[in-house]
Amino acid sequence: MVKENKSVKEMWENYLMSIGDDIINTNKNYTSWQFCDNEESANNLAELVRQGTKRATTGLYYFYEIEGETLPKTGDFSIIIDWYGIAQCIIETKKVTILPFKEVTKKQAEIEGEGDKSLKYWSEAHIKFFNRELKEHNKEFSADMLVVFEEFEIVYK
């Protein structure tokens, strides 16, 4: 397990203080994570979130299942980190939709905020990424696969 960078805890504590919450007795929790599987994309996507351009993310439902990971839910807090684990901002999940990849809409692709924000760009980029992830599991991507579409907003940066 990789040790969490101290900037993550510091950002969380600063956020709690900014909203008048008690750091020791808060009922709020967070996870910290980065986007993508390479430095350039992870850092670029974190910056798009900081700018308010990227307001959603999409993951394959398959990985939540096989890794036993809890699905995101409304009200969850996440600290977005860069490739090096440095905290960039805190987001709060506003809506989670599970749907087949092929049913993702133009509007959903747009709020993901990547590339030219088109559904075509979004689809091509996600298919490439999902295929890289699935290759390790000897699986191939299918447009019928379920995705977890998570909408969020920045609450602290």
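Residues numbered from 1 in each chain as written. Predicted model: local features only at pLDDT ≥ 70, side-chain atom pairs only at ≥ 80, totals over all residues. Heavy atoms only, no water.

**Looking at a nonpolar patch on the surface**
Step number 1: Side chains of Met 17, Ile 23 and Ile 24 sit close together on the surface and give an oily, nonpolar patch of about 320 Å² of accessible area.
Step number 2: Since its relative accessible area comes to 32%, Ile 23 is described here as partly exposed. (Patch = residues over 30% accessible without salt bridge, like charges linked within 9 Å, V, L, I, M, F, W, Y side chains within 5 Å. Areas by Shrake-Rupley, 256 points an atom, 1.4 Å probe, with all protein chains shown as cover. Salt bridge = Lys/Arg side-chain N within 4 Å of Asp/Glu carboxyl O. Buried < 20%, exposed > 50% of the residue type's maximum accessible area, 1.4 Å probe, protein only.)

**Structural notes on the layout of surface pockets**
Step number 1: Approximately 1,400 Å³ is the volume attributed to the largest pocket.
Step number 2: Forming the boundary of the largest pocket are 49 residues, of which Trp 33, Gln 34, Thr 57, Thr 58 and Gly 59 lie nearest the centre.
Step number 3: Per element, the largest residue contribution to the lining of the largest pocket is nine residues, and it comes from helix 5 (residues 119-135). (1 Å grid on protein atoms, 1.4 Å probe; cavity = no way out; pocket = protein on both sides within 12 Å on 5 of 7 lines; lining within 4 Å. Points joined across faces, edges and corners; volume = space filled by probe spheres on them. Helix = DSSP H or I, 4+ residues; strand = E, 2+ residues; numbered from the N terminus.)

**Describing the packing of aromatic side chains**
Step number 1: Tallied over the full model, the rule gives 12 aromatic pairs.
Step number 2: Where Trp 12 meets Tyr 15, the ring centres are 5.6 Å apart and the plane angle is 40°; that geometry is what we call tilted. Taken as a pair, Trp 12 and Tyr 15 lie in helix 1 (residues 6-18) at a separation of three residues, close to a single helical turn. For the residue pair Trp 12 and Tyr 15, the accessibility class agrees, reading buried in each case.
Step number 3: Through pairs of rings, three or more aromatic residues link up here, namely Trp 12, Tyr 15, Tyr 30, Phe 77 and Tyr 156. (Phe/Tyr/Trp six-rings, centres within 6.5 Å; stacked < 30°, edge-to-face > 60°.)

**Brief notes about the environment of Gly 52**
Step number 1: One can find Gly 52 in the loop between helix 2 (39-51) and strand 2 (56-60).
Step number 2: Separated by 102 residues in sequence, Gly 52 and Ile 154 place their C-alpha atoms 7.3 Å apart.

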